[in-house]
Amino acid sequence: DVESRPPNIAVLPFKNLSNDPEQDYFADGITEDIISHLSQWKTFPVISSNSVLALKNSKDSTKVIAEQLGARYLVVGSVRKGGNKVRINVKLINAEDDTQIWTQNWDRSLEDIFEIQDEVSQKVAVFISPALKANEVKRFNEKKNINLSSWDKYLKGLSFFNQARITQDVESELNLRRKAVAHCEEAIKMDSEFSE
């Protein structure tokens, strides 16, 4: 049931539109960096790169891919290199109704490819997180009036819970689960009617 899912984000492998297979590494690097930057925000769970890279050459629709990954939101993008220039396009899609929430293009010089990756990744993270949060607030408000502070605590707890599920260290997993429980207990204190 899509309504019961946490608002996970999946950053799909960026498409290389350069007609040069050797530029695949750049598109893959952009994908990895955006996943890393978004994960650092800890506001919304981000699907791991291992899961999304397995879908690199998938011909399925974004809606089908979102269902496979259990993601509510998809970040899709493309990279086109020409001479000493590169164009990067990024879109944020709400998979529930297959609508585009946000899009932006970047046109940059290739003088320093690593600086470009870092700049684009950071800007994507800055733009995406507020867009997601605003959309989630709107989505919840359409369902019912809730205490947004409680909801925010719940999301933080959810982030710790998702981190705990993928960690390989038992002590770290226990610590993350304790943090998740603590945040959820605070959320309950703020709004005992908040069912999530």
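Residues numbered from 1 in each chain as written. Predicted model: local features only at pLDDT ≥ 70, side-chain atom pairs only at ≥ 80, totals over all residues. Heavy atoms only, no water.

Asker: In this structure, what is going on with the pairing of strand E5 (residues 99–109)? I would like to understand it.
Answerer: The side chains of a regular strand alternate, residue by residue, between the two faces of the sheet. Pairing geometry for strand E4 (residues 85–94) and E5, over ten bridges, is antiparallel. From the neighbouring strand, Arg87 faces E5, where its bridge partner is Asp107. From the end of E4 to the start of E5, which pair antiparallel, there are four residues, and Asp98 there has a positive phi angle of about 55°. (Pairing = 2+ DSSP bridges. Helix = DSSP H or I, 4+ residues; strand = E, 2+ residues; numbered from the N terminus.)

Asker: I tried to follow the side chain of Ser78 on my own but got confused; where do I start?
Answerer: Mapped onto the elements of the fold, Ser78 is located in strand E3 (residues 73–82). Excluding its chain neighbours within four sequence positions, the residues that come into contact with Ser78 are Phe14, Lys15, Leu17, Arg87, Ile88 and Asn89. (Contact = heavy atoms within 4.5 Å.)

Asker: Is there a simple way to think about the nonpolar core in this case?
Answerer: For soluble globular proteins, nonpolar side chains are generally found buried alongside one another. Core analysis: the largest hydrophobic core is formed by 46 residues, its most contacted members being Phe14, Leu69 and Ile88. Secondary structure elements with two or more residues in this core: strand E1 (9–11), helix H1 (24–41), helix H3 (62–69), E3, E4, E5, helix H4 (113–143) and helix H5 (148–166). (Core = buried A, V, L, I, M, F, W, Y, C linked by side-chain atoms within 4.5 Å. Buried < 20%, exposed > 50% of the residue type's maximum accessible area, 1.4 Å probe, protein only.)

Asker: Help me out: how do you make sense of the pattern of salt bridges in this one?
Answerer: A full pass over the atoms with the stated rule returns five salt bridges. The residue Asp107 makes a salt bridge to Arg87 at a minimum N-O spacing of 2.9 Å. You can see Asp107 sitting in strand E5 and its partner Arg87 sitting in strand E4, a full 20 residues away along the chain. Assessed through its relative accessible area of 40%, Arg87 is described here as partly exposed. The closest approach of N and O atoms between Glu173 and Arg177, which form a salt bridge, is 3.0 Å. Pair noted here: Glu173 and Arg177 are both in helix H6 (residues 170–190), with a separation of four residues, about one helical turn. For Arg177, a relative accessible area of 31% gives the class partly exposed. (Salt bridge = Lys/Arg side-chain N within 4 Å of Asp/Glu carboxyl O.)

Asker: For this particular structure, what's the right way to read the environment of Gln100?
Answerer: Residue position: Gln100 is located in strand E5. On the accessibility criterion, Gln100 (46% relative accessible area) is partly exposed. Along the chain, Gln100 and Val75 lie 25 residues apart, while their C-alpha atoms are 9.9 Å from each other. Setting aside its immediate chain neighbours within four residues, Gln100 contacts Lys91, Leu92 and Ile93.

Asker: Can you help me understand the side chain of Ser150 in this one?
Answerer: For Ser150, the position within the fold is in helix H5. Its relative accessible area of 0% is what places Ser150 among the buried residues.

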